[in-house]
Amino acid sequence: MRRGREWVESQTHLGAEIVVGDRVITPQSQSLSIIGPHGGWAWNRPVAILVRQGKETKRIPIVDVTRLAQLALFGASILAVGLAFIAKRSR
Amino acid sequence: MSEQFEGFVRTTIETWEEGMDAIDRLYQATQPETVFGRPIEAHGQTVITASEVSMGVGFGFGGGAGGSEPPAGEGEESETGAPPDEAEAAGEDQETGGVGGGMGGGGGGTSAGRPVAVIRISEDGVEVEPIVDVTKIALAMFTALGSMFFMARRMKKASRK
């Protein structure tokens, strides 16, 4: 049962290390969970991987190209409608 | 996708405790193991898939009980003048006292997953290759263009008036 947890939680997690050759890969994910007394919703997405080789650690971000494109199109349509509205009012 | 994701998809909720367990399993879904697949080795490379997952669950249970008082003057003669047993035998619709109850419940859930990228680890280095969902982008583009066209047409019509 849920104890000591928030109803709305946003966290960044580090997963178990994966060793491939001389590299150690640590996956990083970000989650958002909304929990109520009769249900809940959770969303989890990959954020980056941390690659450790020797003493050097490199962070490689995981870019969600599909989501970015969707957001860009959504933003463009909002912007276009807004501009058209402003142009109409200024006439 | 991962075992946590599959385990959640195959959940059935029949009792309140099972419902709470399903909510607890939502927390497991927030772990990195849910979005990162197991490393697969092939052709001298190690491949790890990265996916976005979302899942939700909702449930509710309810119950109630009630009783009715026996009709006043039980054992008295009915409207037809016949004694109660005879009236019942004659098919008279006479309400009798009793207790009733019931309970029920229901629930539902949803889960979705989408591949985001593939991580390739080889001797040359580590590469993150994004996975582009062309269908989703095309649908978003058509929706955006449609809404722009619709708004432009409405504004044109409004300016004519």
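Residues numbered from 1 in each chain as written. Chains lettered and ligands numbered in written order. Predicted model: local features only at pLDDT ≥ 70, side-chain atom pairs only at ≥ 80, totals over all residues.

Engineer: Mind laying out the overall build of chain B, listing which residues take part and the relevant values?
Structural biologist: Check the secondary structure of chain B and you find five helices and four strands. Starting at the N terminus and ending at the C terminus, chain B contains elements arranged as α-α-α-β-β-α-β-β-α. (Helix = DSSP H or I, 4+ residues; strand = E, 2+ residues; numbered from the N terminus.)

Engineer: So, the overall build of chain A: which residues are in play, and what are the values?
Structural biologist: Counting secondary structure elements, chain A contains one helix and five strands. Helices (α) and strands (β) of chain A occur, in sequence order from the N terminus, as β-β-β-β-β-α. Considering only residue pairs separated by 6 or more positions, chain A has 23% of its internal contacts joining residues 24 or more positions apart. (Contact = placed C-beta atoms within 7 Å.)

Engineer: I'd like a rundown of the interface of chain B and chain A, residues and numbers included.
Structural biologist: Each partner contributes to the interface: chain B provides 45 residues, whereas chain A provides 43 residues. Residue assignment for the side of chain B that touches chain A shows that the elements contributing at least two residues are helix H2 (16–28), helix H3 (32–35), strand S2 (45–68), strand S3 (98–122), strand S4 (125–130) and helix H5 (134–160) of chain B. Considered class by class, the residues forming the side of chain B that touches chain A number 30 nonpolar, ten polar and five charged. In this sheet, S2(B) lies alongside strand S4 (residues 39–53) of chain A in antiparallel orientation, the contact comprising six bridges. (Nonpolar A, V, L, I, M, F, W, Y, C, P; charged D, E, K, R; others polar. Pairing = 2+ DSSP bridges.)

Engineer: Please give an account of H5(B) that cites residues and values.
Structural biologist: Here H5(B) is 27 residues long and its end C-alpha atoms lie 39 Å apart, about the 39 Å a rise of 1.5 Å per residue gives. With one of its 27 residues buried, H5(B) lies for the most part at the surface. (Expected span 1.5 Å × (residues − 1). Buried ≥ 20, exposed ≤ 12 C-beta atoms within 10 Å, placed from the backbone.)

Engineer: Just give me the short version of the nonpolar core, but keep the residues and values in it.
Structural biologist: One finds Ile62(A), Leu26(B), Ala50(B) and Ile119(B) to be the most contacted residues of the largest nonpolar core, which totals 22 residues. Those elements that place two or more of their residues in this core are strand S3 (23–36) and S4 of chain A together with H2, S2 and S3 of chain B. At six residues, S2(B) tops the list of elements feeding residues into this core. (Core = buried A, V, L, I, M, F, W, Y, C linked by C-beta atoms within 7 Å.)

Engineer: Please provide a residue-by-residue account of unusual backbone geometry, values included.
Structural biologist: The phi dihedral of His43(B) is positive, around 50°, even though this residue is not glycine. Position of His43(B) relative to the elements: it lies in the loop between strand S1 (40–42) and S2.

Engineer: Tell me what's going on with the pairing of S3(A), and back it up with residues and numbers.
Structural biologist: Residue and element names in this part refer to chain A. Where strand S1 (residues 8–14) meets S3, seven bridges bridge the pair, whose relative direction is antiparallel. Note that in S3 the partner of Ser10 across the bridge is Leu32. Direction of pairing for strand S2 (residues 18–20) relative to S3: antiparallel, over a ladder of three bridges. Bridging across to S3, Val20 finds its partner in Arg23.

Engineer: Can you break down the packing of helix H1 (residues 65–90) of chain A against H5(B) residue by residue, with the values?
Structural biologist: Across the interface, H1(A) lies against H5(B) with an axial gap of 9 Å and an inter-helix angle of 5°. Classified by the angle their axes make, H1(A) and H5(B) are roughly parallel. Across the interface between the two elements, Thr66(A), Ala69(A), Gln70(A), Leu73(A), Phe74(A), Ala76(A), Ser77(A), Ala80(A), Val81(A), Ala84(A) and Lys88(A) of H1(A) pack against Lys136(B), Ile137(B), Ala140(B), Met141(B), Ala144(B), Ser147(B), Met148(B), Met151(B), Ala152(B), Met155(B) and Ser159(B) of H5(B). By residue class, the composition of the contact of H1(A) with H5(B) is 15 nonpolar, five polar and two charged. (Axes fitted to C-alpha atoms, helices over the stretch in contact; angles between N-to-C directions. Parallel < 35°, antiparallel > 145°, perpendicular 65-115°, else oblique.)

Engineer: Can you break down the confidence of the model for chain B residue by residue, with the values?
Structural biologist: It should be kept in mind that the predicted coordinates are not to be read in detail where pLDDT is low. Averaged over all residues, the pLDDT of chain B equals 77, while 72% of them reach at least 70. Across chain B, element-level confidence peaks in S4(B) with a mean pLDDT of 92 and bottoms out in helix H4 (residues 84–89) of chain B with 52. (pLDDT = per-residue confidence, 0-100.)

Engineer: I'd like a rundown of the environment of Val47(B), residues and numbers included.
Structural biologist: Residue and element names in this part refer to chain B. Residue position: Val47 is located in strand S2. For the pair Val47 and Ile121, spaced 74 residues apart in the sequence, the C-alpha separation amounts to 6.4 Å. With sequence-adjacent residues up to four places away left out, Val47 is seen in contact with Ile40, Ala42, Val118 and Arg120.

Engineer: Account for the confidence of the model for chain A, with residues named and values stated.
Structural biologist: On average, chain A scores 87 in pLDDT, and the residues at 70 or more come to 92%. Across chain A, the element-wise mean pLDDT spans from 87 in H1(A) up to 94 in strand S5 (residues 56–61) of chain A.

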